[in-house]
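Chain and residue survey
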Amino acid sequence: MKKNILIVGHKGYVGSILINYLSNLKNYKNSLFGIDTNWFSLNNYVNKQKKTALDINSDSRKINLNKLSSKPDVIIYLAAVSNDPMGKRFKIATEDINFKNCIKLAKQAKKIKVEKFIFASSCSMYGSSGSSLKKETDKLQPLTDYAKSKVNSEKKLRQISSKKFKIISLRFATAAGMSDNLRLDLVFNDFIANATLKKEIELLSSGSSWRPLIHVQDMAKAFHWAIEYKIKKNFLAINIGSEKWNFKIIDLAKKIANIIGGVNIRINESNIDKRSYRVDFRLFKKIAPKYQPSVKFKTAVKKLEIFFKREKRTLKDFRNSPKWSRLMRLNHLIKNRKINKKLYWI
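Quick look at the structure, then.

A closer look at the pattern of salt bridges
The full count for this structure, using the stated rule, is 19 salt bridges. The partner of Arg275 in a salt bridge is Asp84, with the nearest N and O atoms 2.5 Å apart. One end of the pair, Arg275, is in the loop between strand E13 (264-266) and strand E14 (276-279); the other, Asp84, is in helix H2 (residues 84-89), with 191 residues separating them in the sequence. Judged by its relative accessible area of 28%, Arg275 falls in the partly exposed class. Here Asp84 falls in the buried class, since its relative accessible area comes to 15%. The salt bridge partner of Asp185 is Arg183, with a shortest N-O separation of 2.7 Å. Judged by relative accessible area, which is 23%, Asp185 ranks as partly exposed.

Take a look at the structure:
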């Protein structure tokens, strides 16, 4: 059955892949709607993103769902200040976008009888849990403003959900891999860029912490599952990823170095990253067997390596570049008086 799908944050690292993925499916070809600030438009050049039926270039904090030309059946909330360094730098905006606006739109959605609300959550909410596998029912220990915003959203969304307004919270592993709107401030992408360009992977910590990963293409597949899944409960929080992509950071670096070859690994022994979580994905495997992550690790590495070799000239000092780092991009927009410190357009 055809459904109108509204994606809040459809032009970002995940959203650009999700739009193209869903556009290739018969039921969604002409029923996709998108809202995005388009702050991170510098890297939309790998493939031309497929157009949505309705494309709103606006801050979702200013959107009233009642005034949309078509009522969505499903809303996917991707909008976020999207990692820990950004959350630390922009605490107010992180709470505002990741939590408050999410809840505001969810309440609006319920009033206009949207059927389902899908929230892009994060495994980072497990915080400091070491090597023990964390299930959905385990205690949450968020350590950062970003992780706390996800926990707060989940708690409130659970209260808002009802028999006629189902909510699914997808607790994603850390995003990884090639995207039409690529970002390199993610551990997998960063390691491959350094390994390709400098023949060295520089760890900012001792590398002893655990981190699960998921390829962005497999994230799109999980959203497709969430749209289609006939949820029995009013609210479902579920870990999204694969046991095969649960890594210690040092092991991740070694695996990438081995694939690319001739790569030195440099470790910062003095810095222990307290964010350490190994995650149990068995529930997702049980209830979504046809939507399991399928991108091969080596394939994902080689695809990025080829891209970095081709784009070598644009990647100089990429960790500090507004083209490749989300934090640097926001700082650039503020410096040039495009947005303010609360992350509103000026």
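Section: helix H6 (residues 216-228)
Under the 1.5 Å per step criterion, the end-to-end length of H6 is 19 Å for 13 residues, consistent within 8% with the ideal 18 Å. Taking burial as the measure, the 13 residues of H6 include 11 buried ones, the bulk of the element. Here H6 has its buried residues at Val216, Asp218, Met219, Ala220, Lys221, Ala222, Phe223, His224, Trp225, Ala226 and Ile227.

Quick look at the packing of aromatic side chains
Under the definition given, this model contains 12 aromatic pairs. For the ring pair Tyr77 and Phe117, a centre distance of 6.3 Å and an interplane angle of 20° mean the geometry is stacked. Of this pair, Tyr77 sits in strand E4 (residues 74-77) while Phe117 sits in strand E5 (residues 116-122), and the two are 40 residues apart along the sequence. The class for Phe117 is buried, based on a relative accessible area of 0%. Judged by centre distance (5.3 Å) and plane angle (65°), the rings of Trp245 and Phe297 are edge-to-face. Of this pair, Trp245 sits in the loop between strand E11 (235-240) and strand E12 (246-248) while Phe297 sits in helix H9 (residues 297-310), placing them 52 residues apart in sequence. Per residue, the accessibility class of Trp245 equals that of Phe297, and both read buried.

What counts, and where the lines are drawn
Residues numbered from 1 in each chain as written. Predicted model: local features only at pLDDT ≥ 70, side-chain atom pairs only at ≥ 80, totals over all residues. Heavy atoms only, no water. Salt bridge = Lys/Arg side-chain N within 4 Å of Asp/Glu carboxyl O. Helix = DSSP H or I, 4+ residues; strand = E, 2+ residues; numbered from the N terminus. Buried < 20%, exposed > 50% of the residue type's maximum accessible area, 1.4 Å probe, protein only. Expected span 1.5 Å × (residues − 1). Phe/Tyr/Trp six-rings, centres within 6.5 Å; stacked < 30°, edge-to-face > 60°.

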